[in-house]
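Descriptive analysis of the structure
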Amino acid sequence: MRKILSAVGVLFMCAGVLWAEGYQVNLQSSRQTGMGHTGTGLNLGASSIHFNPGALAMMEQNFEVSGGMSAIVLKNTFQKQNALYQSTTDNPISTPFYGYVAGRVTDKLVIGLGVTTPFGNTLNWGNDWDGRFLVQEISLKAIYVQPTLSYKLTDGISIGAGFVAAYGDVSLKKAINFEDAAGEGQAHLTGSTIAYGYNAGVFVQATSDLSVGVSFRSTVNMTMDEGEATFRAPASLSGQLINTAFQSEMPMPGSLTLGTGWQVTDKLLIAADLQYVLWAQYEELAFDFEAATVPDSKSVRNFNNTFVYRLGAEYNASEWLTARVGFTYDSTPISDGYLTPETPGANKINLTAGATFRLSERLTADVSFLYIEALERQGGDDATQFYGKYKSAAFIPGFGLNYSF
Amino acid sequence: MQFTTYITLGALALLGMSCEQSIDDFAPHSGKAIFNSYVAVGDNYTAGYTNGALGREGQLASYPNILATQLSSVGGGIFTQPLAAEGLSVGTTKLPSGYLNGYYALKVINGNLKPVPGNGNIEVLTTPIGSQAPFHNVGVPGAKSFHLLTPLFGNPTLGSGNYNPFYTRFASKPGTSTLLGDALLSSPTFFTLWIGMNDVLTYAMAGGQADAITPPAAFEGYVTMVLDALTTQTPQGAIANIPALEVLPYFGYITSAGYQPFLVEDATTAAGYRAITANEKILLPASDSITMAQWGQLVSKPIKKQFVLDETELSAINAAIDAYNTSLEKLAQAKGLAYVDMHGLMAQVAAGKWVDGNKYTAAFISGGFFSLDGIHPTPRASAIIANTFISAINAQYGANVPMANVNDYSGLVFP
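Computed from a prediction, not measured in an experiment: that's the story for all the values here.

**With respect to helix α4 (residues 63–71) of chain B**
Residues and elements named next belong to chain B. Most of α4 sits inside the fold, with eight of its nine residues counted as buried. Residues of α4 that are buried: Y63, P64, N65, I66, L67, A68, Q70 and L71. Elements in contact with the buried residues of α4: β1 (38–42), α2 (44–47), α3 (56–60), β6 (190–194) and α14 (379–397).

**Concerning the sheet that holds strand β7 (residues 237–240) of chain B**
Residues and elements named next belong to chain B. Strand order in the open sheet formed by four strands is β1-β6-β7-β12, with parallel pairing between adjacent strands. Here the strands that pair on one side only, and so sit at the sheet edges, are β1 and β12 (338–340). In this sheet, neighbouring strand axes are inclined to one another by 15° on average, regardless of whether the strands run parallel or antiparallel. The sheet strands contacting α4 are β1 and β6, and the helix crosses β1 at an angle near 165°.

**What to know about the packing of α4 of chain B against α14 of chain B**
All names here are of chain B. For the pair α4 and α14, interaxial distance at closest approach is 8 Å and the crossing angle is 55°. With respect to their mutual orientation, α4 and α14 come out oblique. Like other packed secondary-structure pairs, α4 and α14 cross with a definite hand, here right-handed. Taken together, the residues of α14 that come into contact with α4 (itself represented by Y63, I66, L67 and Q70) are P379, S382, A383, I385, A386, F389, I390 and I393. When its residues are assigned to classes, the contact of α4 with α14 shows 10 nonpolar, two polar and no charged.

**A few points about unusual backbone geometry**
Residues and elements named next belong to chain B. The amide bond that connects A133 to the next residue, P134, takes the cis arrangement and shows omega of 10°. Positionally, P134 belongs in the loop between α5 (123–126) and α6 (165–168). One non-glycine residue, S187, lies in the positive phi region at around 45°. On the basis of relative accessible area, S187 is assigned to the partly exposed category, the value being 49%.

**Here's the deal with the layout of surface pockets**
Its boundaries defined by the atoms lining it, the second largest pocket holds a volume of some 1400 Å³. K174, I176 and P295 of chain A together with W354 and N358 of chain B are the residues nearest the centre of the second largest pocket, which is lined by 50 residues in total. For the lining of the second largest pocket, the element with the highest residue contribution is strand β7 (residues 157–180) of chain A, accounting for seven residues. Considering only residue class, the lining of the second largest pocket consists of 25 nonpolar, 15 polar and 10 charged.

**Looking at the pattern of salt bridges**
All names here are of chain A. Applying the stated rule across the entire model yields 17 salt bridges over all chains. Across the pair E184 and R132 runs a salt bridge whose closest N-O atoms are separated by 2.7 Å. Highlighted residues: E184 in strand β8 (residues 183–205) and R132 in the loop between β5 (109–124) and β6 (137–152), separated in sequence by 52 residues. On the accessibility criterion, E184 (21% relative accessible area) is partly exposed. Judged by relative accessible area, which is 6%, R132 ranks as buried. When the shortest N-O distance is used, the salt bridge between K389 and E376 registers 4.0 Å. Of the two residues, K389 sits in strand β20 (residues 386–404) while E376 sits in strand β19 (residues 363–381), which places them 13 residues apart along the sequence. Accessibility expressed as a relative area gives 16% for K389, which makes it buried.

**A closer look at the environment of I194 of chain A**
All names here are of chain A. In this structure, I194 sits in strand β8. Taking relative accessible area as the criterion, I194 reaches 53% and is therefore assigned exposed. The spacing of I194 and D169 is 25 residues in sequence and 8.9 Å in space, taken between C-alpha atoms.

**Some details on helix α13 (residues 342–351) of chain B**
All names here are of chain B. Turning to α13, its buried residues number three or more, namely M342, L345, M346 and V349. Seen from one end, α13 has its buried residues packed into an arc of 95°, which puts them on one side. G352 lies just past α13 and shows a positive phi near 100°.

Thresholds applied
Residues numbered from 1 in each chain as written. Chains lettered and ligands numbered in written order. Predicted model: local features only at pLDDT ≥ 70, side-chain atom pairs only at ≥ 80, totals over all residues. Heavy atoms only, no water. Buried < 20%, exposed > 50% of the residue type's maximum accessible area, 1.4 Å probe, protein only. Helix = DSSP H or I, 4+ residues; strand = E, 2+ residues; numbered from the N terminus. Contact = heavy atoms within 4.5 Å. Pairing = 2+ DSSP bridges. Axes fitted to C-alpha atoms, helices over the stretch in contact; angles between N-to-C directions. Parallel < 35°, antiparallel > 145°, perpendicular 65-115°, else oblique. Left-handed = near helix turned anticlockwise from the far one by under 90°. Nonpolar A, V, L, I, M, F, W, Y, C, P; charged D, E, K, R; others polar. 1 Å grid on protein atoms, 1.4 Å probe; cavity = no way out; pocket = protein on both sides within 12 Å on 5 of 7 lines; lining within 4 Å. Points joined across faces, edges and corners; volume = space filled by probe spheres on them. Salt bridge = Lys/Arg side-chain N within 4 Å of Asp/Glu carboxyl O. Arc of directions from axis to C-beta.

Right, here's the structure in full:
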């Protein structure tokens, strides 16, 4: 016990920051985070609501409630091309969370409700940095609420689906190229919206040791009709740069995931997931301002669909302790020439570790650690001619609690 | 128990990797160039003339000063300029108040944004600082190619209009020293030369009614003499060419576009006036009389010749600029110097040039590149000009001089 806790203590000392690729957040269960966020091919109980609604009906317990959160400590750095200039972000710690509750209605039917935060991005480059005309601060998040139904077709096959009601909000601050004696101007855009989608899946317990699953999450299009834009500008221009409403749209991309689980021995479980993320929906970021005197802006983004490779292992060390380790390779949806400081994407390596402590017959506690390192990426945005080397790292501790019977 | 050992080792490995995050630094070096003593020779742009006047603010944001700052990380030494005293500025236009103008500033007049000159400080021109020579920046507003070579340029005994007080104020020996000689006093190891604008500009700003374009053959001769003198002491440097004058908002701001063409004076027609053609230019100082007193819109008030560049004058100007640039490129190649394409840069700005998140155009006031006089650059534009020099210098001498951060400098200040 002491050895485990000392290892845990050591990991807490370091603070890097890492963020899942694009603006996807893969922290929807502390147990699954510990094993590379695999889970589509596993019978997870209540958290299958997110990982594979099809597996929910295979839940072993009759009732389960589970919840937890993570703290994302993220640092991005930028080295300007052909210049001595460097900049580092001062990002606030963001705290994605999850919660699931599920109950068996009949021996074939399980229903449940999940609340997750599968997308988010919080970057603070500061007000005075060199890229301030592209972004100073950006923060976006999405909260998904998913009531879910899952049905056992046979002893070995089950299906399920959930309806997603999503809340999204965004806040973007950037400098504008008009200054007065007091300093530069600034634009602040905020907005929130509700959108809908679904999550469906199929789960197959092929043999007593091998399981396979497929799940599909739809794209949720966050359309903001009444965003708010406020400007700080020189007094002589305040008649043109007036506070106004704006329209904008940003997709939370869907994905298709294939997963598998293999109970190698009665203590050791290995899982692998292959995820295909539909980023290509994100073609441009446009802001349509209501006021005629505020020029609309449109930036091409041209994201590409990507693959995410996940591998995890879980070991039942003893009656009260299960340990986990995992690895993920997350490829970037951002093509060369479209690399901006508001989403400085790159291919990322995720290393995870975790543990579950069985506190009682019904109650378990999970801890997870996720370290993400973005491979250094040289490039920039051709449209605005801002180039350099981007690097980032994140350290994400998390915990969760599970109650079931 | 073995598994927990693996976890501990894994955790320690993660710790080792994650705590340090360094990014590859930019490695500056001077390549084959020696930047210890850098001297800038040129005219208004080199001197830091902007917003219609010479003043400390503009001098500190001159492209040579920005370039010198960037050279400091690759062996560059101190860079001295003949700075005006803090808060003072002076131009060349006589205001109704009797003063020469000082810096222009944007003000709101009758609900519109207009550049308005302050009163200039004559003491900038009358306070001699030649005793503080040598200066590394010997740029002089108004200098033409041949002015670099003659001691008459700074000789006050010749009487008003026959010498240039902007040189006299910092000449090491007014009346005896030459601009070129003063440049060599710093024992330069590297120079920049940007000259030739005024060889056409002075004529152009008079609407072709006064002054004369320096003949291209003579221009080449003068520049050859200047370069011979500079490269004897200093074999390394950069020469910039001349942009098309039409890019400057001073010449392009007022057009008839969309309306009946303006009427301009023309002695060759029976009526004494005619419609302006699409290619001809109206100079910025005519804008008030056009918008407020209907000049150019009534047959009794055709726009006067000195405010118009007609087709003949324009083709003479463009032919001269092209000839100057051919000479400059030839000389740069012959002497192994970096050739800086300012003509190309200004053409890019006219088409719209993005730099570090902002778009610069040649539009008056809103373009962000040209200052309130419609000819000289804002501090940000000066940094872009300095970076254009740096690119050419890096290419020619295999150096890695770091670029200036354009966004560190200011643009136009709005009320």
